[in-house]
Amino acid sequence: TQQFHSGDAGIFKTISGWTDRKFYVLMNDVPPGTIVRITSTSNKSICAKVLDKLVETKGGAGLLLRMSNAAAVALDMTDGKSTVSVTYFE
C-alpha cells in the first residue's frame, strides 16, 4: 500500500551522493532499506534510501526526516529546514 507523509526536513552532512547520486535519509516509522520519494515545495523530487531511525537532536524536534546534504542540493533546499512530501510503498 502507498503511504504519504508531509512535514519538515533537516539536513545531515555526508560524502555520499555527490558523484553517484545515491541519496539517503533518516526517518522514523519507515523500515531501514525502504526507498522513498521526496518531493520539495518547488516540485523537484528524488528517490532516497532510508538508512536508520531519526534521532532527536538539538534543533531537530518535530522533523519528519533528515536528508543527506547532496539530496538537499538536488532538491534546491540548502537553507536548513524545508517542507517536503514523502511517498513510499509498504
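This text goes with the structure placed above it.
Just so we're clear, the structure is a prediction, and the values are computed from it rather than from any experiment.

Draft legend 1. Spotlight on the environment of Y88. Counting through the fold element by element, Y88 comes out in strand β6 (residues 82–89). Distance in space between the C-alpha atoms of Y88 and G33 is 12 Å, their sequence separation being 55 residues. Excluding anything up to four places from it in sequence, Y88 contacts T1, Q2, Q3, H5, D29, V30, T34, I35 and V36. Among the polar contacts listed, one links the side chain of Y88 to the side chain of H5, at a separation of 3.3 Å.

Draft legend 2. Here's a closer look at the side chain of S40. Note on placement: S40 falls in strand β3 (residues 35–40). Once residues lying within four places of it in the same chain are set aside, the contact partners of S40 are L75, M77, T83 and V84.

Draft legend 3. Region of the structure containing the sheet that holds β3. The six strands are arranged β1-β5-β2-β4-β3-β6 in a closed barrel whose pairing can be described as mixed. The average undirected angle you get between the axes of adjacent strands in this sheet is 45°. Two strands pair when backbone bridges link them, and β3 and β6 are joined in this way by four bridges, in the antiparallel orientation. In the strand pairing of β6, I38 is matched with V86.

Draft legend 4. Main features of the environment of E90. Residue position: E90 is located in the segment after β6. Expressed as a C-alpha distance, the spacing of E90 and C47, which sit 43 residues apart in the sequence, is 15 Å. A polar atom in the side chain of E90 sits 3.2 Å from the side chain of Q3.

Draft legend 5. Broad picture of the pattern of salt bridges. Tallied over the full model, the rule gives one salt bridge. K44 is the partner of D76 in a salt bridge, and the nearest nitrogen-oxygen pair spans 2.6 Å. Here the residue D76 occupies a position in the loop between α1 (69–74) and β6, and K44 occupies one in the loop between β3 and β4 (45–52), the gap between them amounting to 32 residues. Using a relative accessible area of 51% as the deciding quantity, one classes D76 as exposed.

Draft legend 6. Spatial organisation of the nonpolar core. In terms of nonpolar packing, the biggest core is built from 21 residues, with V25, V36, I38, L65, M67, V84 and V86 touching the most fellow members. Broken down by secondary-structure element, the contributors of at least two residues to this core are β2 (23–27), β3, β4, β5 (65–68), α1 and β6. Ignoring anything within four residues of it in the chain, the contact list for V84 reads H5, S6, G7, A9, I38, T39, S40, L64, L65, M67 and M77. Grouped together as the second largest cluster of nonpolar side chains are five residues, F12, L26, L54 and L63 included.

About the criteria used
Residues numbered from 1 in each chain as written. Predicted model: local features only at pLDDT ≥ 70, side-chain atom pairs only at ≥ 80, totals over all residues. Heavy atoms only, no water. Helix = DSSP H or I, 4+ residues; strand = E, 2+ residues; numbered from the N terminus. Contact = heavy atoms within 4.5 Å. Polar contact = N/O pair within 3.5 Å; in protein donor to acceptor, adjacent residues only side chain to side chain. Pairing = 2+ DSSP bridges. Axes fitted to C-alpha atoms, helices over the stretch in contact; angles between N-to-C directions. Salt bridge = Lys/Arg side-chain N within 4 Å of Asp/Glu carboxyl O. Buried < 20%, exposed > 50% of the residue type's maximum accessible area, 1.4 Å probe, protein only. Core = buried A, V, L, I, M, F, W, Y, C linked by side-chain atoms within 4.5 Å.

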